[in-house]
Amino acid sequence: MRITYYSADMDAASWIPGLQAALPGATVTLWEPGAPQADYAVVWKPPQQLLDEQTSLKAIFNTGAGVDALMQLRLPAGVPVIRLDDAGMSVQMAEYVCHAVIRHFRELDGYESDMAMGKWSFRKPRSRVDYPVGVLGLGVLGERVAKSVAQFDFPVNGWSQSPKTIAGVQSFHGAAQLDAFLAASRIVVCLLPLTPDTENILNAQRLAQIRPGGYVINVARGAHVVDADLLAAIDGGHLAGATLDVFRVEPLPQGHAFWNHPKITITPHTSARTLRSESIAQIARKIAALQNGQTVAGRVDAARGY
Ligand code: NDP
Ligand code: OXD
């Protein structure tokens, strides 16, 4: 069995030996143009040429949860695409989002500036019922985030394609219930996959539907948010601010208005990192299962784009 590996981030030095150790019977090599035909491709943002040349693939493994980059390509017909299925990401996402929610709700950013100025002053305690948290996307990551936020007794809403039953989370679903979801939420967390249906979902009209004094946390993809509309909603006073981990262009270009905005906190696409050993173990388990004719979790539905 041959496995071809490619990552746009070029971290082959650690992945190839890791995959090789987890699958001792396989030959794992770095993809380059003209590479031998492989049975499986393990990839992150591969070039079209890889998919065009590798005509014997039995499956394509994406070394991330989001498959939007792969979905831009011409995929070989009938070859399953399998995404990372948690692999240690959901706990990271839960801690990142809970931190951002609590930092905003408890005004810890304000206390940080007060302390820097040597100022000892209390802010009036806020009431959780005034800060309902809405999670867009209740998949592998969104469900874990929604449940984690609910443990801090915030009212939690969730929006997904299909209805969900999750303890402590009010379920909204489908385009018809998006307005009601936004109107019921004050802190909005985006954990949707990037698809034609969800691109630019947080635009001026939708941001205006969030409760006044709202707050946006985007940990999915930059193209979910219309940057200029978010800035206008914050500068116009409808929104209190945002925490953004993902951007339309990454690294976020120098000079972008998000860099120095006093009400926007940014991090460099780090809310839930792909953890190498967990991910390699998961992919190796799934390759072994596919070799045995079994089905595996995390298969992407190319028609819906996630
Ligand atoms: P999943 O595919 O497991 O979940 C996606 C969720 O979005 C599902 O609940 C789905 O609904 C819902 N959804 C999709 N399309 C629509 C729509 N049109 N309307 C309403 N709901 C919709 O994804 P994950 O939870 O694993 O990951 C989510 C995203 O997080 C990834 O696609 C990726 O872009 C991003 N990500 C970011 C990282 C970071 O470090 N910043 C790290 C990892 C991922 P249903 O359940 O009904 O199908
Ligand atoms: C992912 C990511 O999709 O890291 O896994 O963004």
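In what follows, the accompanying structure is described.

A count of helices and strands for the protein gives ten helices and twelve strands. Here the C-alpha atoms of the protein give a radius of gyration of 21 Å, agreeing with the 19 Å that 2.2 N^0.38 yields for 306 residues. Split into buried and exposed, the 306 residues of the protein put 48% on the buried side. Long-range pairs, those at least 24 residues apart, make up 59% of the contacts in the protein with a sequence separation of at least 6. In the protein, the 27 positive side-chain charges and the 27 negative ones have mean positions that sit 5 Å from each other.

Turning next to the sheet that holds strand β2 (residues 27–30). Overall, parallel pairing links the five strands, which are arranged β2-β1-β3-β4-β5 in an open sheet. Strands with a single pairing partner mark the edges of an open sheet, and in this sheet they are β2 and β5 (81–82). Bridge count between strand β4 (residues 59–62) and β5: two bridges; the pairing is parallel. Bridge pairing links Ile60 to Val81 in β5. Against the sheet, helix α1 (residues 12–22) touches β1 (2–7), β2 and β3 (40–44), its axis set at about 170 degrees to β2.

Reading the values: the criteria
Residues numbered from 1 in each chain as written. Chains lettered and ligands numbered in written order. Predicted model: local features only at pLDDT ≥ 70, side-chain atom pairs only at ≥ 80, totals over all residues. Heavy atoms only, no water. Helix = DSSP H or I, 4+ residues; strand = E, 2+ residues; numbered from the N terminus. Rg over C-alpha atoms; globule rule 2.2 N^0.38 Å. Buried < 20%, exposed > 50% of the residue type's maximum accessible area, 1.4 Å probe, protein only. Contact = heavy atoms within 4.5 Å. Lys, Arg positive; Asp, Glu negative; His and termini not counted. Charge placed at Lys NZ, Arg CZ, Asp CG, Glu CD. Pairing = 2+ DSSP bridges. Axes fitted to C-alpha atoms, helices over the stretch in contact; angles between N-to-C directions.

The quantities given are spatial measurements derived from coordinates; they are silent on function.
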